[in-house]
Amino acid sequence: MPVERSGHQGGPCGKSRRGGVEAVPGMARREEQAEGDNHLSLAGNERRPALVASLGTLGLWLQQDMADSAQAQKLVYLVTGGCGFLGEHVVRMLLQQEPRLRELRIFDLHLGPWLEELKTGPVQVTAIQGDVTQAHEVAAAMAGAHVVIHMAGLVDVFGRASPETIHAVNVQGTKNVIEACVQTGTQFLVYTSSMEVVGPNIKGHPFYRGNEDTPYEAVHRHPYPCSKALAEQLVLEANGRKVRGGLPLVTCALRPTGIYGEGHQIMRDIYHQGLRLGGRLFRAIPASVEHGRVYVGNVAWMHVLVARELQQRAALMGGQVYFCYDKSPYKSYEDFNMEFLGPCGLRLVGTRPLLPYWLLMLLAALNALLQWLLRPLLLYAPLLNPYTLAMANTTFTVSTNKAQRHFGYEPLFSWEESRTRTIRWMQTMDSSAQ
Ligand SMILES: NC(=O)C1=CN([C@@H]2O[C@H](COP(=O)(O)OP(=O)(O)OC[C@H]3O[C@@H](n4cnc5c(N)ncnc54)[C@H](O)[C@@H]3O)[C@@H](O)[C@H]2O)C=CC1
Ligand SMILES: CC(C)[C@@H](O)CC[C@@H](C)[C@H]1CC[C@H]2[C@@H]3[C@H](O)CC4=CC(=O)CC[C@]4(C)[C@H]3CC[C@]12C
């Protein structure tokens, strides 16, 4: 009998995946039942034939269930970039929510120490230190994997890395992942793309509560969005290619809007900037400019779900893109951040921008000039530069249910839960910053 498990742990025969193997409820019940049967045997010999029969049936059932369970735990997932902000959440979500996982391979340039704690559970967790720009390293990590979730990338809009490096990691790295799928026979590829593939464009055109089919002129000059757009295109074009063994490669791309939540480095930087300014932040963007945001836990959940459903609904989902969304409110980037920074004691000064936009553009340009001048000596990479100012100052929000229609996605975390979890994380960060 196939063991049907809910997407959530602890179903009738489910195993906990929280890094440890808790009692398997179904098994426990069966053991009690067996013990109960033993108790019956003390009451009188006349029941013996019936008892032997029921124990035999129970034994067969246990064997079948264990066979199903072994069969159920059969998949090997490879997660590239699994030690990053989003990656860590996806890794933990897979261990909690994917009952068919036998091995989870985490491929990253920088492995996190937290991976060690994951190695005590029922799933084999394999940490692989590697570089997606090195094709042989990717192929070695890919061999034998059924599913790959490709998140590794350089997320840089602050001028920290060169355009060449961004391209090498985000584009060539993605090419290497695709070719490794083809060479080794990995059939399912989920790519973490970005809203930036669409916009905001360099012309500052608003994208107001758009969806995957909304017409919009995607025009990019910055290396990051260009690299994400090229990589996404490669992934979608690879859908249907034959992999080793003759089966078709099935690919899809997820486009998160601005992700927030536990571990978000930019939020951390803005918080520390506010502390340096005496607990104040100064409004630079009109409150009317909406910017789409999505909680990291819901983005992680969408990755787990799309990886699972891609295997069942290849014809519908193969070659598709899906925005990542949840119930996070539509607000300006700064006002949204204050949902978390406010409870940590920061104040946003001004109901409208304190400086005229032309002055902000001048300051952003000065920052870019300073970065260029100082580069031989040190890395100067402030939040405000011409690109980030243009981004923040252009409305970009999504309103869609394509993921729900195609693979039944519903956010795992409500807005209230997402907000509470993020505030809690910031407050722990706050206490460590004191
Ligand atoms: N943070 C955000 O708001 C959004 C992020 N995304 C996408 O999500 C993905 C993950 O982003 P984040 O977690 O925010 O970034 P992150 O920088 O925290 O994580 C990226 C991970 O990739 C790894 N990596 C970088 N270069 C590598 C290489 N050459 N080989 C192997 N691993 C390498 C890094 O070590 C890091 O662990 C990226 O592809 C990004 O484009 C998409 C939309 C929004
Ligand atoms: C200094 C002020 C103008 C301040 O408001 C600047 C905020 C700025 C750092 C952010 C505004 C919009 C953000 C980007 C957006 O969320 C889309 C993104 C998608 C990604 O794939 C990666 C991150 C980012 C580019 C994100 C980066 C930070 C902003 C530019």
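Just so you know, these numbers come straight off a predicted model, no measurement behind them. (Residues numbered from 1 in each chain as written. Chains lettered and ligands numbered in written order. Predicted model: local features only at pLDDT ≥ 70, side-chain atom pairs only at ≥ 80, totals over all residues. Heavy atoms only, no water.)

Taken together, the side chains of Leu277, Phe282, Leu354, Leu355, Trp358, Leu362, Leu363, Leu366, Leu369, Trp372 and Leu373 make up a nonpolar region of the molecular surface, amounting to roughly 1,100 Å² of accessible area. Sort the elements by how many residues they give to the nonpolar patch and helix 11 (residues 357-374) lands first, with seven residues. Mapped onto the fold, leucine 373 is located in helix 11. (Patch = residues over 30% accessible without salt bridge, like charges linked within 9 Å, V, L, I, M, F, W, Y side chains within 5 Å. Areas by Shrake-Rupley, 256 points an atom, 1.4 Å probe, with all protein chains shown as cover. Salt bridge = Lys/Arg side-chain N within 4 Å of Asp/Glu carboxyl O. Helix = DSSP H or I, 4+ residues; strand = E, 2+ residues; numbered from the N terminus.)

On to the nonpolar core, then. If you look at soluble globular proteins, the nonpolar side chains tend to sit buried side by side. Among the nonpolar cores identified, the biggest contains 71 residues, and Tyr77, Leu94, Leu104, Ile149, Leu341, Phe407 and Met426 are the most heavily contacted of them. With sequence-adjacent residues up to four places away left out, leucine 104 is seen in contact with Tyr77, Val79, Val91, Leu94, Leu95, Val123, Gln124, Val125 and Thr126. Core analysis: the next-biggest nonpolar cluster, separate from the first, contains 25 residues, Val132, Met142, Val148 and Ala238 among them. (Core = buried A, V, L, I, M, F, W, Y, C linked by side-chain atoms within 4.5 Å. Buried < 20%, exposed > 50% of the residue type's maximum accessible area, 1.4 Å probe, protein only. Contact = heavy atoms within 4.5 Å.)

On to the UniProt feature "transmembrane region" (unreviewed entry) in the protein chain. Per the UniProt annotation, the sites labelled "transmembrane region" (unreviewed entry) are residues 354-374. Counted over residues 354-374, helix gives 86% and strand 0%. Its end C-alpha atoms are 28 Å apart. (UniProt positions renumbered as here; feature names shortened; annotations may be inferred.)

Per the UniProt record, "domain: 3-beta hydroxysteroid dehydrogenase/isomerase" (unreviewed entry) is annotated on residues 78-348. Overall, residues 78-348 shows 37% helix and 20% strand. The separation of its end C-alpha atoms is 42 Å.

In terms of burial, strand 2 (residues 101-108) is largely enclosed, as seven of its eight residues are buried. Sheet topology places strand 1 (residues 75-80) next to strand 2; six bridges connect them, and they run parallel. Bridge assignment links valine 79 to a residue of strand 2, and that residue is isoleucine 106. Between the parallel elements strand 1 and strand 2, the chain passes through helix 3 (residues 85-97) in a crossover that is right-handed. In this sheet, strand 3 (residues 124-129) lies alongside strand 2 in parallel orientation, the contact comprising six bridges. (Pairing = 2+ DSSP bridges. Right-handed = clockwise from strand over helix to strand, strands pointing away.)

So, about the site of ligand 1. By nearness alone, 24 residues border ligand 1, and Phe85, Leu86, Asp108, Asp131 and Tyr224 come closest of all. Contacts to ligand 1 include phenylalanine 85, whose backbone N or O atom sits 2.9 Å from an oxygen atom. Between ligand 1 and isoleucine 259, the relevant distance is 3.1 Å, taken from an oxygen atom to a main-chain nitrogen or oxygen of the residue. Within the residue set of the shell around ligand 1, elements represented by two or more residues are helix 3 and helix 6 (223-237). In the shell around ligand 1, the residues fall into 12 nonpolar, nine polar and three charged. (Near = heavy atom within 4 Å. Polar contact = N/O pair within 3.5 Å; in protein donor to acceptor, adjacent residues only side chain to side chain. Nonpolar A, V, L, I, M, F, W, Y, C, P; charged D, E, K, R; others polar.)

Time to look at the sheet that holds strand 1. Overall, parallel pairing links the seven strands, which are arranged 3-2-1-4-5-7-11 in an open sheet. Whereas interior strands pair on both sides, the edge strands pair on one side only; in this sheet they are strand 3 and strand 11 (320-324). Along the sheet, successive strands turn relative to each other by an average axial angle of 20 degrees, direction set aside. Inspection of the sheet shows strand 4 (residues 147-150) paired to strand 5 (residues 188-192) by four bridges, in the parallel sense. Bridged to valine 147 within strand 5 is phenylalanine 188. (Axes fitted to C-alpha atoms, helices over the stretch in contact; angles between N-to-C directions.)

This part covers the side chain of threonine 397. Along the polypeptide, threonine 397 turns up in strand 13 (residues 396-398). Its relative accessible area of 0% is what places threonine 397 among the buried residues. When residues no more than four places from it in sequence are discounted, the contact partners of threonine 397 are Phe207, Tyr208, Arg209, Gly210, Glu290, His291, Gly292 and Tyr330.

To continue, consider the packing of helix 5 (residues 163-184) against helix 6. Two elements in contact, helix 5 and helix 6, have axes separated by 9 Å at closest approach and are oriented at 10 degrees. Considering the angle they form, helix 5 stands roughly parallel to helix 6. Where helix 5 approaches helix 6, its residues Pro163, Ile166, His167, Asn170, Val171, Thr174, Lys175 and Ile178 are matched on the opposing element by Pro223, Tyr224, Ser227, Lys228, Leu230, Ala231, Leu234 and Val235. (Parallel < 35°, antiparallel > 145°, perpendicular 65-115°, else oblique.)

Right, let's talk about the site of ligand 2 for a bit. Around ligand 2 sit 14 residues, and of these Val155, Ser194, Glu196, Tyr224 and Gly258 come closest. Between ligand 2 and serine 194 there is a distance of 2.8 Å, counted from an oxygen atom to a side-chain nitrogen or oxygen. With respect to ligand 2, the side chain of tyrosine 224 contributes an N or O atom lying 2.6 Å from an oxygen atom. In isolation ligand 2 offers 630 Å² of accessible surface; the protein chains occlude 90% of this area. When contributions to the shell around ligand 2 are tallied by element, the ones reaching two or more residues are helix 10 (333-341) and helix 12 (386-392).

The element helix 10 is extensively covered by neighbouring structure, given that eight of its nine residues are classed as buried. Within the sequence span of helix 10, burial applies to Glu334, Asp335, Phe336, Asn337, Met338, Glu339, Phe340 and Leu341.

With that settled, consider unusual backbone geometry. Phi is mostly negative for residues that are not glycine, and the peptide bonds are mostly trans. With an omega of 0 degrees, the peptide bond running from glycine 199 to proline 200 counts as cis. Although it is not a glycine, arginine 209 sits at a positive phi angle of roughly 50 degrees. Counting through the fold element by element, arginine 209 comes out in strand 6 (residues 207-210). Residue classification places arginine 209 among the partly exposed positions, given a relative accessible area of 33%.

A few words now on helix 7 (residues 265-276). Here helix 7 contains 12 residues, and its C-alpha end-to-end distance of 17 Å stays within 8% of the 16 Å for a straight helix at 1.5 Å per residue. Among the residues making up helix 7, those that are buried are Met267, Ile270, Tyr271 and Gly274. Down the axis of helix 7, the buried side of the element spans an arc of 100 degrees, and every buried residue falls inside it. One or two steps after helix 7, the chain reaches glycine 278, where phi turns positive at roughly 75 degrees. (Expected span 1.5 Å × (residues − 1). Arc of directions from axis to C-beta.)

Here we come to the environment of threonine 214. Within the fold, threonine 214 resides in the loop between strand 6 and helix 6. What makes threonine 214 partly exposed here is its relative accessible area of 31%. The sequence separation of threonine 214 and valine 398 amounts to 184 residues, and the corresponding C-alpha distance is 9.7 Å. From its side chain, threonine 214 meets the backbone nitrogen of asparagine 211 in a polar contact 2.7 Å long.

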